[in-house]
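Chain by chain, the residues run as shown.
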Amino acid sequence: MRLFAAFVFFLNASQECFSVKVEVQEGAESVVLPCQYNQVLEEVVTVKWSRRNLNPSIVHQRREGDDLRSQNQLFRGRTSMRSDTLDSGDFSLTLKDLQLSDIGIYICSMIDDEEEKTLSEVELHLKASQDSLTKKVEVQWVESVVLPCQYGQQFRRDGYSEMEPLGPQCQYCP
């Protein structure tokens, strides 16, 4: 079993929300996207993880249990939250079987009867291994050769709308 390595690079904290950049090594099995709520919940709320550039935008949703009916199919069977999420205030999301399309900004929000409040935004990056960046090409006496090249950014494909801007976009940041 491979362990994941995640590095938190930036934390802009306030009482309302925070932004975090998480970098995970290519080939990692999973990563935890952090989201904490440190106040006592006086009512049952819904915790929602989403990405603005997806349609549908829901990555994972939990109320008294997981509610994955509206989940984007790109994440089916790959997300989880603690079973005691609402009691512990740990709203962190575990994402497994990482894919290149997982790179982006994830929004952790809390929905009560009155409003949806953004708690954190997590920008997920994938750190490529050195082996994946170099290719050895052996050429014998030929007229031409095609050199391999991969572009590591997301392209528009089914399930995606416009690319989202990078950077913190919490609704309640001071």
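Further up the page is the structure itself.
Residues numbered from 1 in each chain as written. Predicted model: local features only at pLDDT ≥ 70, side-chain atom pairs only at ≥ 80, totals over all residues. Heavy atoms only, no water.

Visitor: Talk me through the overall build of the chain; I want residue IDs and the actual numbers.
Guide: Looking only at helices and strands, the chain features two helices and nine strands. Scanning the chain from its N terminus toward the C terminus, one meets helices and strands in the order β-β-β-β-β-β-α-β-β-β-α. Per-residue burial for the chain yields a buried fraction of 36% across its 174 residues. Taking the contacts inside the chain whose residues are at least 6 apart along the sequence as the reference set, 57% of them involve residues at least 24 apart. (Helix = DSSP H or I, 4+ residues; strand = E, 2+ residues; numbered from the N terminus. Buried < 20%, exposed > 50% of the residue type's maximum accessible area, 1.4 Å probe, protein only. Contact = heavy atoms within 4.5 Å.)

Visitor: Kindly report on the side chain of R78, identifying the contributing residues and their values.
Guide: Following the sequence through the fold, R78 ends up in the loop between β5 (58–62) and β6 (79–80). Side-chain polar atoms of R78 contact the backbone oxygen of L74, separated by 3.0 Å. Only 2.8 Å separates the side chain of R78 from the backbone oxygen of D97, close enough to count as a polar contact. Among all residues touching R78, those that are not within four sequence positions of it are T94, L95, K96, D97, L98, Q99 and D102. (Polar contact = N/O pair within 3.5 Å; in protein donor to acceptor, adjacent residues only side chain to side chain.)

Visitor: Hey, could you go over empty space enclosed by the protein for me, with residue numbers and the actual values?
Guide: Across all of its chains, the model carries two cavities of 30 Å³ or more by this definition. One number sums up the size of the largest cavity: a volume of about 40 Å³. Broken down by element, the lining of the largest cavity gets its largest block of residues, three residues, from strand β9 (residues 116–127). Looking at the lining of the largest cavity residue by residue, the class counts come to five nonpolar, two polar and one charged. (1 Å grid on protein atoms, 1.4 Å probe; cavity = no way out; pocket = protein on both sides within 12 Å on 5 of 7 lines; lining within 4 Å. Points joined across faces, edges and corners; volume = space filled by probe spheres on them. Nonpolar A, V, L, I, M, F, W, Y, C, P; charged D, E, K, R; others polar.)

Visitor: Help me get a handle on unusual backbone geometry, residues and values and all.
Guide: Geometrically, the link from N55 to P56 is a cis peptide bond, its omega value of 0 degrees lying close to zero. Turning to its location among the elements, P56 is positioned in the loop between β4 (46–50) and β5.

Visitor: Outline the state of the cysteines, supporting the account with residue identities and numerical values.
Guide: As enumerated under the stated definition, the model contains one disulfide in all. Note on cysteine connectivity: C35 is disulfide-linked to C108, with sulfurs 2.1 Å apart. Taking the sign of the torsion about the S-S bond as the criterion, the disulfide between C35 and C108, at about -75 degrees, is left-handed. Here C35 is found in the loop between β3 (30–33) and β4, whereas its partner C108 is found in strand β8 (residues 104–111), with 73 residues between them in sequence. Judged by relative accessible area, which is 0%, C35 ranks as buried. (Disulfide = S-S within 2.5 Å.)

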